[in-house]
Amino acid sequence: MMKHPDTLMAKVFKARYFPNGSFLTANLGVNPSYVWSSVYAAQSLIKTKSRLHVGTGSEISVFFDPWLPHTSNPFVETVLVVGLEELTVSSLRLGLTAGWDVNLVKALFSERDWK
C-alpha cells in the first residue's frame with residue numbers, strides 16, 4: 001500500500017479506512033474486515049521500522065510520518081502546534097536545491113528533532 005498506492009487493494013483500503021490520511025495514521029475502524037484487521041496489526045511494526053524517502057517532501061506530513069533519520073524513533077517528538085497539522089516537509093525547505101530553512105526548523109522543533 002505504501003509502496004504501490006495505485007493498486008486496487010490500496011485504493012479500497014484508503015477509501016474505507018483512511019480517506020483523509022495514510023496507512024501510518026489509520027485507525028482500525030468500526031467493523032473492520034478480517035484482511036484489514038490483519039494488515040492493521042502490522043502497522044505499529046511498520047511505523048517503527050520504516051523510513052520515508054523525503055524527495056521533495058510535498059506529500060510527507062511533518063508531524064505524522066516517519067521521516068527523521070533517527071534509528072530509535074523517526075517521528076517528530078516536538079509537541080504539535082495547533083494550526084500546523086497539515087505542514088509538509090517541503091514547507092521546511094528553501095527550495096529543492098537550497099536546503100533547509102534553518103531558522104524556521106529551529107523555531108518549530110526541539111533540538112532532538114532538528115539536530
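Residues numbered from 1 in each chain as written. Predicted model: local features only at pLDDT ≥ 70, side-chain atom pairs only at ≥ 80, totals over all residues. Heavy atoms only, no water.

A.B. asks: Give a description of the nonpolar core that names residues and reports values.
C.D. replies: With twelve residues, the main nonpolar core is built from Ile60, Val62, Phe63, Trp67, Leu68, Val76, Leu87, Val89, Leu92, Val105, Leu108 and Phe109. Leu87 has contacts with Ile60, Ser61, Val62, Phe63, Leu92 and Leu108, leaving out every residue within four places of it along the chain. With seven residues, the next largest nonpolar core counts Phe23, Leu24, Ala26 and Trp36 among its residues. (Core = buried A, V, L, I, M, F, W, Y, C linked by side-chain atoms within 4.5 Å. Buried < 20%, exposed > 50% of the residue type's maximum accessible area, 1.4 Å probe, protein only. Contact = heavy atoms within 4.5 Å.)

A.B. asks: Let's hear about the environment of Asp113: which residues, and what values?
C.D. replies: Inspection of the secondary structure assignment puts Asp113 in helix α5 (residues 111-114). Owing to a relative accessible area of 7%, Asp113 belongs among the buried residues under this scheme. For the pair Asp113 and Phe75, spaced 38 residues apart in the sequence, the C-alpha separation amounts to 8.5 Å. Those residues in contact with Asp113 that lie beyond four places of it in its chain are Leu68, Phe75, Val76, Glu77 and Thr78. A polar contact is formed between the side chain of Asp113 and the side chain of Thr78, at a distance of 2.5 Å. (Helix = DSSP H or I, 4+ residues; strand = E, 2+ residues; numbered from the N terminus. Polar contact = N/O pair within 3.5 Å; in protein donor to acceptor, adjacent residues only side chain to side chain.)

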